[in-house]
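Structural features, examined
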Amino acid sequence: MVLLLEENILTFVKKELKKIQKVVSSDYSECLEREDEEVLDEEQKRSREAFVKISVHFLRRMKQEELAECLQSRLLPADCQRELKSNLKKKFQSVFEGIAKAGNPTLLNEIYTELYITEGGTAEVNQEHEVRQIETATRRPARPETTIRLEDLFKASAGEEPIRTVMTKGVAGIGKTVLTQKFTLDWAEDKDHQDIQFTFPFTFRELNVLREKKFSLVGLVHEFFSETRAAGICRFKEFQVVFIFDGLDECRLPLDFHNNEILTDVTETSSVDVLLTNLIRGTLLPSARLWITTRPAAANQIPPECVDMVTEVRGFNDPQKEEYFRRRFRDKQAKRIISHIKTSRSLHIMCHIPVFCWITARVLEEVLKTRKRGKLPLTLTEMYIHFLVVQSKVKKVKYDGGAETDPHWSPESRKMIESLGKLAFDQLQKGHLIFYESDLTECGIDIRAASVYSGVFTQIFREERVLYQEVFCFVHLSVQEFLAALHVHLTFIDSGVNLLSEEQTTSLLSKLSKPNPEPMSLYQSAVDEALKSPNGHLDLFLRGGWDSELGEFGLKYLQDDDVER
């Protein structure tokens, strides 16, 4: 038995040593061709990987570092790539529409709708609120546009320079993250992008967690993708690598392109901020391709000279909107809803955003159930108020054991909504759409309470596990803006304090003398703040979060093309 085992081991070692000899010689391509003809089972693959690791170990003990690196980078990546693809497939094959990690997941490939990616534009900021940008886009005259298929994202036209860095802009909820997930999933399932050896998808909300830590670029990849660390892969310049950085608008890193040190060595340690600026500049791993997604307001964080191509994700066009609602409702209901949305300019514009279509469907589904012939919500304010009511009803029935007919606004629910409103307003003022524990603490919310809120109001407030931290966000920017406006409105009605005014303190005497404060001063402050905003980020806050009086007053200003912004 021992002799038979020894014979098998020696046969295996001799065969693998011959392959190793070819790998480190000029016969590498011949070796690969022969390997392609072999069909190895999982046990054989594991045995080969173990032998390669042992060989690398002994080469290093023999001080043959160059041969060890050569062997490691040529034979181990295939196994590493298979494992990486398997793990990325598990991570991205399912999505949760409107809800993070709650309910039943949906397969991405089953619900994915092709989004139009158009080439053109600059990496500079658009001085306009995203909703206004959508509106402007719908009014563009019909003209030929260069559309780009996801599988052709990095393909340059004949005679043009290779494309290294692509920036894709799109408003909140338009589908940028889903695009990056689809790109990664297609690679992991061997459907597209097979000229790429490694795809490494990052999000800025993950990278923010590491802003106080230091890594080399190799160490950062190893931190997120343990398959590469296990295989000991460090020489990424020998492969075609794509880095995806999703959500530049959520970045809390300085990204100081003008003052950060120059870095060229992928094994040199520095801050994550320095690594990113050098990777984007091209001084670090220039052979890599980069795909950065962002909301338009944050696009200018990357110098234009560092971006080879700018693309834009367009939302649903009118036929796609109608198709969405036809899939969600019966024929008569769908027809009524589509007709209703067309009567409201604000709703019609917002429904270019897939996430808002989901919010609208969620609300109208409930309204049609309870009001067979009643009036449907017409304004953004009505839509979001109904959205809160729907979520409170779910909480009352599902979590509190109440009945469908019970009052939905319990003192506990009101307190939760008020806390979320304060968080929404405080963070909107800072331009934050993603919240970490320190942000919650500043707003008087501890992380346990935030987890309860996300567990109860699952379709309003999300909790996600990022590396070893919990992060929170609202389901969409417009929900945050609405709750922020609601907080400002309720604070003014309850206490007379105008949070939008520089004089935010109100004496007890003035409260007693003016028990019903005049709301017009608050409305004027809201309009003034919206008009002062450098990128229009308070426009929707003004449009959607107030009663009808403020809505009319604000729209009067915001719809006037002569108003200076």
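Look up: the structure comes first, before these words.
Throughout what follows, the structure given in this document is the object of discussion. Given the structure is predicted, the values throughout are model-derived calculations rather than measurements.

Here is what the cut-offs are and how they apply
- Each chain has its residues counted from 1, running along the sequence as written.
- pLDDT decides what is reported in this predicted model: residues at 70 or higher carry local features, side-chain atom pairs at 80 or more are listed and counted, and totals for whole chains, interfaces and linings draw on all residues regardless.
- To get the side-chain values, all heavy atoms of the structure are used, and hydrogens and water are removed first.
- Only DSSP runs of H or I covering at least 4 residues are called helices, and only runs of E covering at least 2 are called strands; the numbering of each starts at the N terminus.
- A 1.4 Å probe rolled over the protein chains alone gives each residue an accessible area, and that area as a share of the maximum for its type sets the label: buried under 20%, exposed over 50%, partly exposed in between.
- The contact criterion used throughout is that any non-hydrogen atoms of two residues lie within 4.5 Å.
- All accessible-area figures derive from a Shrake-Rupley calculation using a 1.4 Å probe, and residue coverage is judged against the displayed protein chains alone.
- Any Phe, Tyr or Trp ring, taking Trp's six-membered ring, that has another such ring centre within 6.5 Å forms a pair; planes under 30 degrees apart are called stacked, those over 60 apart edge-to-face, and the others tilted.
- Look at NZ for Lys and CZ for Arg. If either is within 6 Å of the ring centre and within 35 degrees of the ring normal, a charge sits over the ring.
- A helix is expected to reach a length of 1.5 Å times the quantity of its residues less one.
- For two strands to be treated as a pair, DSSP must find at least two bridges joining them.
- Here an axis means a line fitted to C-alpha atoms, over the contact stretch when the element is a helix, while the angle between two N-to-C directions is reported on a 0 to 180 degree scale.

Counting its regular elements, the protein chain contains 25 helices and twelve strands. Taken across its 565 residues, the protein chain has 52% of its residues classed as buried. Put simply, 71% of the contacts in the protein chain that link residues at least 6 apart link residues at least 24 apart. A total accessible area of about 28200 Å² is found for the protein chain, and carbon and sulfur atoms account for 51% of it.

This brings us to the packing of aromatic side chains. Two aromatic rings, taken as a pair, are described by how far apart their centres are and by the angle between their planes. One pass over the full model with this rule turns up 22 aromatic pairs. Between Phe-198 and Phe-239, the ring centres sit 5.4 Å apart and the planes meet at 80 degrees, which makes this aromatic pair edge-to-face. Within this pair, whereas Phe-198 is found in strand 5 (residues 198–203), its partner Phe-239 is found in the loop between helix 11 (226–231) and strand 7 (241–246), the two being separated by 41 residues in sequence. Among the residues examined, Phe-239 registers a relative accessible area of 11% and is labelled buried. Among the aromatic residues, those joined into a cluster by ring pairs are Phe-198, Phe-200, Phe-202, Phe-204, Phe-224, Phe-225, Phe-236, Phe-239, Phe-243 and Phe-245. Seen from the ring of Trp-187, Lys-85 lies directly overhead, with NZ or CZ sitting 4.8 Å from the centre. Here the guanidinium or amino end of Arg-211 rests over the ring plane of Tyr-436, the centre of that ring lying 5.6 Å away.

Turning to helix 8 (residues 176–188), a few remarks are in order. Taking 1.5 Å as the rise per residue, helix 8 with 13 residues should run 18 Å; its terminal C-alpha atoms sit 19 Å apart, in good agreement. For helix 8, a buried count of eleven out of 13 residues is recorded, marking the element as mostly surrounded by other parts of the structure. Here helix 8 has its buried residues at Lys-176, Leu-179, Thr-180, Gln-181, Lys-182, Phe-183, Thr-184, Leu-185, Asp-186, Trp-187 and Ala-188.

Moving on, we come to helix 10 (residues 217–224). Buried residues dominate helix 10, accounting for six of its eight residues. Burial in helix 10 covers these residues: Leu-217, Val-218, Leu-220, Val-221, His-222 and Phe-224. Of the surrounding elements, those touching the buried residues of helix 10 are strand 5, helix 9 (204–209), strand 6 (214–215), helix 11, strand 7 and helix 12 (272–281).

Another point: the sheet that holds strand 4 (residues 165–169). Two strands in a sheet stick together by hydrogen bonds in their backbones, pointing the same way (parallel) or opposite ways (antiparallel). Read across the open sheet, the six strands follow the order 3-10-4-9-7-5; overall the sheet is mixed. Single-partner strands in this sheet number two, and they are strand 3 (117–119) and strand 5. Between one strand axis and the next, the sheet turns by 20 degrees as a mean value, whatever way the strands run. Looking at chain direction, strand 4 and strand 9 (residues 289–294) are connected through five bridges and run parallel.

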